[in-house]
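Residue-level structural notes
Below are the chains, spelled out letter by letter.
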Amino acid sequence: MLSVVVSGLRGRWASFLGGFLALVLGVGMLAATGLGLAAALDPPDRAPERFASSPVVVLGQDRLTVEVRRGPGTALVSRPLDRPQPVDTALLRDLRARWPLTENPAGVRRPDAVGLDAPADLVRALVGDRAQVLTGTERRRADPDHARDGHELTGLNALLGTAGGVAAFVSVFVVASVFAFSVALRRREFGLLRTAGATPGQVRRLLLAEATVLGVTASAAGCALGGLAAPPMARALTGRGLAPEWFADAVGGSAGWPYHLAFWTGLGVALAGAAAAAHRAGRTGPVDALREADVDRDVLPPGRALLGAGLLAAGLGLLVWTYATEPEALLKRKTYTTLPMLLTGGAALLAPLLVRPVARLLPVPGSGAVGLLVRENGAAAVRRTAAVAAPVLVTVALAGTLFGASESVARAKESEARERTAAAYVVEGPAAARLPSRTDRGAVVAASGPTSLFVRDGAEAVVKYGARAVADPAAFAALSRLPVVAGDLRDLDDRSIVVNEEFERRRIGEEVEVWRADGSGPVRLRVAAVLARGTGDNGPYVTRAQAPGAVLDRLESDRPLPAAGDTSAAPAAVNQAAATGLRLLLVLVLLYTVIALASTLLMATSVRGGELASLRLAGATRAQALRAVTGEAVLAVAIGTALGLGVTAAVLGALGAGLAALSAPVVLAVPWAPMGAAAGVCAVVAVAASALPAWRLSR
């Protein structure tokens, strides 16, 4: 059996080349992103910087711990603070009485950490639960860049995880499509095998053995490619500021699980892609050796139809359910990255059922007899048309949904930010902290800064909210145009809070129990006003009395600010990690599509010698025959593009409905440029991959 398989692969290497390359690329991407995740999840030990000379560090508490209800009893839950609490004054006095302390920076009245040279056990016995005692590499937690590294690694993990997931998702479709179309072209070969006495099980085992050999070799090559690509990828991410500086040197270490994950995933993808095709091949009868008809029959097996309909129904159902129950989730990257994959997968599986009606509706390239031939051939050869349209659908749909959703959310946030203020001048960022928050020139100046609030949500949970601390409540109320649904912003004071509709307690006058950003509290604040949820940036708001340590980063004024000039609000900055990730994903998916299109059309056109000869005998010129073949390829790309636009319309429509439900500006951005570029590249590749073999066969 093995010798037959190897001989078959050697003789038909061109038909397996597309699947092999797609699998190598997918496994390589999984291995590279896996190595990146391994380095991010298990960062190398690094020497502390702030207290490098102190073997023991006493750090203030950096987590808020609250008792909540859990069933019939209670439990403790912890939430990270924005910054460590200052070390207790009494504890500092006790430490100074026994050991010399190192303070960095020096002269701070209540430092958040101190270093000392003393036995760790004695220090822990003295400190107790009043602070944390750090030794060894744990002393890094007192470094100022420790929290920043954590934020960068969170975004990096999301970027690498999404890239790996999309690589696996697209690999399955490309490899399965190549195997399915290859089996369709080998129908007569399997019929001859059955005529010679081969059983259906032997035919299935032959195809699965081919898939195993292909999967093992492609997965091994992909692992090698991923190992080579991981270090340059890490350096590129570090160079763009998307990863900490140490990340480039940490990737490609001794972690072995990314290679195992990539290899076995690649082999599983190859076998899964061949399984359905092998089942169909096993049902080929001896009479199929004599079949010459070009009109495809039984192009949508019941299993594929059921799976495609299930994915499509699940995607649409989840969109409707999310809109009805939690519309704010539609604005999150996790939602608009995963749900489109369900819709795209369902539409791609049902492509053989959709290509005929779509082909009847679309204008066809060419005119007269050539145009008629293009339309009829495209509708008759459903397998070939669907095999070309499916990868185009995936590319256009992912480009439209990912770019469209992220850009729409960014524009909605930007529009909402502009509508939230009546100020003529706005200064944001570090410059705001250097300007006076009050002026004697009669200008109304509203200053605010970021803080956090921990709010008890019922008796079972504590939720951390990103909030804004207001310096002057009267100026804030005068310049704000926030979407107030109840109460009055002018009632905000040191003992009250402005909440949004997401809060459990949101009736005017009702008290909310909160802990401040440094963990102090709890305090009970009266609800002064309630805001619509919007895109997620509408509140809560408190005064600076409830935001210890908050630094002003935004000044709004109805007149020019001193030394600020004519400064207006800048558009919200696009998340660079997310934008880079989207571009990376589009390039990756486009590479898969190019491989799938080239492989499918080279295979499909190479077996059309008899058809092209018949066209020439019927009076068609060589140029007309070439126009017919390339026109069919362009029509298939157009069908895939139309189906991809349908998926994009469904996702962006649900997003727009979600924004409207949240009382946020509905500003939908249709990414015509990425979708057009993807469709254009697909069309060029399809024309070239079909014209080259057709030119040779039509001589």
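Summarising the element assignment, A218 is placed in helix α7 (residues 200-239). Among the residues examined, A218 registers a relative accessible area of 0% and is labelled buried. In this structure the C-alpha to C-alpha distance between A218 and L267, which are 49 residues apart in sequence, comes to 8.3 Å. Setting aside anything within four residues of it in sequence, one finds A218 in contact with F20, L23 and V24.

This brings us to helix α20 (residues 672-697). Helical geometry: 3.6 residues make up each α-helical turn, so side chains three or four residues apart lie on a common side. For α20, built from 26 residues, the straight-helix expectation of 38 Å at 1.5 Å per residue is met to within 8% by its first-to-last C-alpha distance of 37 Å. Residues P674, M675, A678, A679, C682, V685, A686, A689, S690, P693 and A694 constitute the buried set of α20.

Let us look at the environment of R418. Note on placement: R418 falls in helix α14 (residues 382-419). Classification of R418 as partly exposed rests on a relative accessible area of 43%. In the structure, R418 is positioned 63 residues away from R481 in sequence and 9.2 Å away in space, judged by C-alpha atoms.

Turning to the packing of α14 against α20, a few remarks are in order. Helix-helix packing: each pair is described by the crossing angle between the helix axes and the interaxial distance. The N-to-C vectors of α14 and α20 enclose an angle of 165 degrees; their axes lie 9 Å apart at closest approach. Put simply, α14 runs roughly antiparallel to α20. The crossing of α14 and α20 is right-handed. Where α14 approaches α20, its residues V392, T395, V396, A399, G400 and F403 are matched on the opposing element by P674, M675, A678, A679 and C682. Class assignment of the residues belonging to the contact of α14 with α20 gives a composition of nine nonpolar, two polar and no charged.

Where strand β8 (residues 445-457) lies against strand β9 (residues 461-470), ten bridges are found, and the strand directions are antiparallel. Paired with S448 across the strands is V470, a residue of β9. Taking the residues that link successive antiparallel strands as the turn, the β8-β9 hairpin has three residues, and the phi of G458 there is positive, at about 70 degrees. Here three bridges tie β9 to strand β14 (residues 541-543), and the two strands are oriented parallel to one another. Its bridge partner lying in β14, V470 is registered against T543.

Let us look at the pairing of strand β15 (residues 554-557). Neither face of β15 is left uncovered, since the one carrying R554 and E556 and the one carrying L555 and S557 both have all their residues buried. By the bridge criterion, four bridges tie strand β7 (residues 425-428) to β15 in an arrangement that is antiparallel. Considered in β15, the bridge of Y425 is made with S557. Strand direction decides the pairing type here: β8 and β15, joined by four bridges, are antiparallel. Bridge pairing in β15 places A446 opposite E556.

A separate point is α14. The terminal C-alpha atoms of α14 lie 51 Å apart, and with 38 residues this matches the ideal 56 Å at 1.5 Å per residue to within 8%. With 30 of 38 residues buried, α14 lies mostly within the body of the structure.

Side chains of E326, D457, E460, E502 and E504 sit close together on the surface and give a patch of like negative charge. Residue placement: D457 occurs in strand β8.

Under the defined criterion, the tally for this structure stands at 23 salt bridges. Among the ionic pairs, R141 bridges to E138, the shortest N-O distance being 3.2 Å. On the accessibility criterion, E138 (39% relative accessible area) is partly exposed. E407 is the salt-bridge partner of R411, the closest N and O atoms lying 3.1 Å from each other. Note that R411 and E407 are positioned in helix α14 at a spacing of four residues, about one turn of the helix.

Here the chain averages 82 in pLDDT, and 88% of its residues register 70 or above. Element-level pLDDT for the chain is lowest in helix α1 (residues 2-11), with a mean of 62, against a maximum mean of 94 in β14. The low-confidence segment residues 564-574 (pLDDT under 50) makes 18 contacts with residues lying over four places distant or belonging to another chain.

Cut-offs and rules
- Residues numbered from 1 in each chain as written.
- Predicted model: local features only at pLDDT ≥ 70, side-chain atom pairs only at ≥ 80, totals over all residues.
- Heavy atoms only, no water.
- Helix = DSSP H or I, 4+ residues; strand = E, 2+ residues; numbered from the N terminus.
- Buried < 20%, exposed > 50% of the residue type's maximum accessible area, 1.4 Å probe, protein only.
- Contact = heavy atoms within 4.5 Å.
- Expected span 1.5 Å × (residues − 1).
- Axes fitted to C-alpha atoms, helices over the stretch in contact; angles between N-to-C directions.
- Parallel < 35°, antiparallel > 145°, perpendicular 65-115°, else oblique.
- Left-handed = near helix turned anticlockwise from the far one by under 90°.
- Nonpolar A, V, L, I, M, F, W, Y, C, P; charged D, E, K, R; others polar.
- Pairing = 2+ DSSP bridges.
- Patch = residues over 30% accessible without salt bridge, like charges linked within 9 Å, V, L, I, M, F, W, Y side chains within 5 Å.
- Areas by Shrake-Rupley, 256 points an atom, 1.4 Å probe, with all protein chains shown as cover.
- Salt bridge = Lys/Arg side-chain N within 4 Å of Asp/Glu carboxyl O.
- Lys, Arg positive; Asp, Glu negative; His and termini not counted.
- Charge placed at Lys NZ, Arg CZ, Asp CG, Glu CD.
- pLDDT = per-residue confidence, 0-100.

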